[in-house]
Amino acid sequence: MYLACVGGTPVGYMRIGPASQGACGIIVDEGTASITGAYALPDVRRRGVATALLQGCLAWAAARGYVRCAVDWESANREANRFWRRHFVPVCYALMRVVDDALATPTA
Ligand SMILES: CC(C)(COP(=O)(O)OP(=O)(O)OC[C@H]1O[C@@H](n2cnc3c(N)ncnc32)[C@H](O)[C@@H]1OP(=O)(O)O)[C@@H](O)C(=O)NCCC(=O)NCCS
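Since the model is a prediction, treat every value here as computed from it, not as a measurement.

## A closer look at helix H1 (residues 49-63)
An α-helical turn contains 3.6 residues, so any two residues separated by three or four positions project in the same direction.
At step 1: In a regular helix each residue adds 1.5 Å, so 15 residues correspond to 21 Å; H1 covers 21 Å between its end C-alpha atoms and thus fits that length.
At step 2: The elements touched by buried residues of H1 are strand S1 (2-6), strand S2 (9-18), strand S3 (32-40) and helix H2 (78-87).
At step 3: Gly65, located one to two residues past H1, shows a positive phi value of around 90°.

## Comments concerning the side chain of Ser20
At step 1: Of note, Ser20 is situated in the loop between S2 and S3.
At step 2: A relative accessible area of 19% means that Ser20 is categorised as buried.
At step 3: Beyond its immediate stretch of four places on either side in the chain, Ser20 contacts Val28, Ser34 and Thr36.

## A short note on H2
At step 1: Buried residues of H2: Ala80, Asn81, Phe83 and Trp84, and no others.
At step 2: For H2, the secondary structure elements touched by its buried residues are S2, S3, H1 and strand S4 (68-71).

## Quick notes on the side chain of Asn81
At step 1: Inspection of the secondary structure puts Asn81 in helix H2.
At step 2: Here the side chain of Asn81 touches Trp73 through a polar contact of 2.7 Å, side chain to side chain.
At step 3: With near-sequence residues (within four places) excluded, Asn81 lies in contact with Trp73, Glu74 and Ser75.

## Some words on unusual backbone geometry
At step 1: Its identity as a non-glycine residue notwithstanding, Arg46 has a phi of 65°, on the positive side.
At step 2: Among the secondary structure elements, Arg46 is positioned in the loop between S3 and H1.

## Regarding the site of the ligand
At step 1: The environment of the ligand is formed by 19 residues, the closest being Ala40, Gly48, Thr51, Asn77 and Arg86.
At step 2: Between the ligand and Gly48 there is a distance of 2.7 Å, counted from an oxygen atom to a backbone nitrogen or oxygen.
At step 3: Arg82 is positioned with one of its side-chain polar atoms (N or O) 2.8 Å from an oxygen atom of the ligand.
At step 4: Relative to its free-state accessible area of 940 Å², the ligand is covered by the protein chains to the extent of 74%.
At step 5: Those elements that place two or more of their residues in the shell around the ligand are S3, H1 and H2.
At step 6: If one sorts the elements of the shell around the ligand by residue count, H2 sits on top with six residues.

## Quick look at a positive patch on the surface
At step 1: Together, Arg46, Arg78, Arg82 and Arg86 give the surface a local cluster of positive charge.
At step 2: Assignment of secondary structure puts Arg82 in helix H2.
At step 3: By relative accessible area, Arg82 is classed as exposed at 57%.

## Let's talk about the nonpolar core
At step 1: Membership of the largest hydrophobic core comes to 21 residues, with the highest contact counts inside it found for Met14, Ile16, Ile35, Leu54, Trp84 and Phe88.
At step 2: Of all the secondary structure elements, the ones that give two or more residues to this core are S2, S3, H1, S4 and H2.
At step 3: Per-element tally for this core: the top contributor is H1, with five residues.
At step 4: Beyond its immediate sequence surroundings of up to four residues, Met14 is in contact with Met1, Tyr2, Ile35, Gly37, Ala38, Ala50, Leu53, Leu54, Cys57, Phe83 and Trp84.

Cut-off values and rules
- Residues numbered from 1 in each chain as written.
- Predicted model: local features only at pLDDT ≥ 70, side-chain atom pairs only at ≥ 80, totals over all residues.
- Heavy atoms only, no water.
- Helix = DSSP H or I, 4+ residues; strand = E, 2+ residues; numbered from the N terminus.
- Expected span 1.5 Å × (residues − 1).
- Contact = heavy atoms within 4.5 Å.
- Buried < 20%, exposed > 50% of the residue type's maximum accessible area, 1.4 Å probe, protein only.
- Polar contact = N/O pair within 3.5 Å; in protein donor to acceptor, adjacent residues only side chain to side chain.
- Near = heavy atom within 4 Å.
- Areas by Shrake-Rupley, 256 points an atom, 1.4 Å probe, with all protein chains shown as cover.
- Patch = residues over 30% accessible without salt bridge, like charges linked within 9 Å, V, L, I, M, F, W, Y side chains within 5 Å.
- Salt bridge = Lys/Arg side-chain N within 4 Å of Asp/Glu carboxyl O.
- Lys, Arg positive; Asp, Glu negative; His and termini not counted.
- Charge placed at Lys NZ, Arg CZ, Asp CG, Glu CD.
- Core = buried A, V, L, I, M, F, W, Y, C linked by side-chain atoms within 4.5 Å.

Taken by themselves, the reported measurements are silent on function.
Following this line, the structure appears as structure tokens:
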């Protein structure tokens, strides 16, 4: 995991490791590294923190022989969608239906 700090205070992180089913179910070979977490505090966003963390993660992966990197995100997360699409090419779209509990609960 890479940590971004300002004056010794953590302001963001990004985590990378071996291929994760949770990152992309169709790219899980041993040549793939997966990013499984990313966050920057709101008051440091849009200043390149996540971009710098991503560079660190990709350098980590390249140094260990990984040839691909996978990450998943929700398209409804506008900041994440914009960030990841700037650096990655989508290869898989997944849809999930969430049924409202109120509709699933029988009424008397
Ligand atoms: C997604 C997230 C990690 C991005 O972090 P960030 O540090 O703001 O990302 P960056 O600053 O590197 O890049 C974001 C934008 O800032 C721009 N930027 C980069 N360096 C910059 C600089 N020096 N000055 C101004 N803008 C800059 C980038 O070009 C990018 O622009 P865009 O929005 O037009 O595409 C952050 O929004 C976040 O933590 N969101 C909440 C948690 C989350 O959704 N995590 C991802 C889950 S999948």
